[in-house]
Amino acid sequence: MFIGSLTGFVVIVILCVRNIAHSRKQTRKELSASSECYGGPAGEPLWDGELPARVEDYTEPRYVYENLKESSDYLPENGRIIGYRISPELVIHSRVKQCLNLPHLSDYISRYGGKLLNLNECSLLLSNWDKVSQLREKAGDEPLKVKSFWALSEHHLPVRLIVKSELVENVYRHDDWNDLILKR
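Keep in mind the model is a prediction, meaning the values are calculated, not measured. Sequence order sets the numbering: in each chain, residues are counted from 1 along the sequence as written. Residues qualify for local features only when their pLDDT is at least 70, as the model is predicted, and side-chain atom pairs are given and counted only at 80 or more; totals for whole chains, interfaces and linings, by contrast, use all residues. The basis for every side-chain value is the complete set of non-hydrogen atoms in the structure, without hydrogens or water.

Draft legend 1. The arrangement of the pairing of strand β4 (residues 91–100) in detail. Along β4, seven of the ten residues are buried, which leaves the element largely enclosed by surrounding structure. Count of turn residues in the strand β3 (residues 81–85)/β4 antiparallel hairpin: five residues. The pairing criterion for strands is at least two bridges between them, as found by DSSP. A run of DSSP states H or I qualifies as a helix once it reaches four residues; a run of E qualifies as a strand once it reaches two. Both are numbered from the N-terminal end. Across four bridges, the pairing between β4 and strand β9 (residues 178–183) is antiparallel. Residue V96 lies in a different strand from β9, and its bridge partner there is I181. Exposed residues in this analysis have more than 50% of their type's maximum accessible area, buried residues have under 20%, and partly exposed residues fall in between, with area computed by a 1.4 Å probe over protein chains only.

Draft legend 2. Helix α2 (residues 102–112), seen in detail. Residues L105, Y108, I109, R111 and Y112 constitute the buried set of α2. Mapping the buried residues of α2 onto a view down its axis gives an arc of 160°, with all of them on the same face. For α2, exposure combined with an orientation more than 90 degrees from the buried face picks out P103 and S110. Taken from the residues just after α2, G113 is the one with a positive phi, measuring 70°. The directions considered for the arc run from the helix axis to the C-beta atoms.

Draft legend 3. Examining unusual backbone geometry more closely. The phi dihedral of L68 is positive, around 70°, even though this residue is not glycine. Mapping L68 onto the fold places it in the loop between β1 (62–65) and β2 (70–71). Assessed through its relative accessible area of 39%, L68 is described here as partly exposed. The phi angle at H156 is positive, at roughly 65°, despite the residue not being glycine. Within the secondary structure, H156 sits in the loop between β6 (148–152) and β7 (158–164).

Pasting the structure below:
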């Protein structure tokens, strides 16, 4: 009886160590300068261009391409998608990093070249959540499906926001794994 439970415990420990090692290897790969792990319509997350601070012709959420053209239609001839405009002043980054904990947060923000959303921008994103998800799906990417993500508190600290229907609950917990949705 004791040997069976000891064997089960050893197997669980081995699986945990293996998963941790795999996770660390993937994190190192994603944070490297290599773009081989970034596929899909957004491709490499870094982009060194400069977006206009504001557009006057905004009517609905739309794609923003690397050549700075914007369209509500998916047009791959414009290059990769660098984001989704959800207001005249706000473009959401095309990359969403799933299951990220606080120690790696600043590394991924630097690697992706974006900034955390503040609470007002999070509300704006939530009001456009379904439309952005539809744009992502049209381009062959996964829709937004997170239940919690990182944002900036009113004190400019990273906090976890939980999506509940249309409400955003601000939870000051740094020990959790949340998705990363950035602005450009």
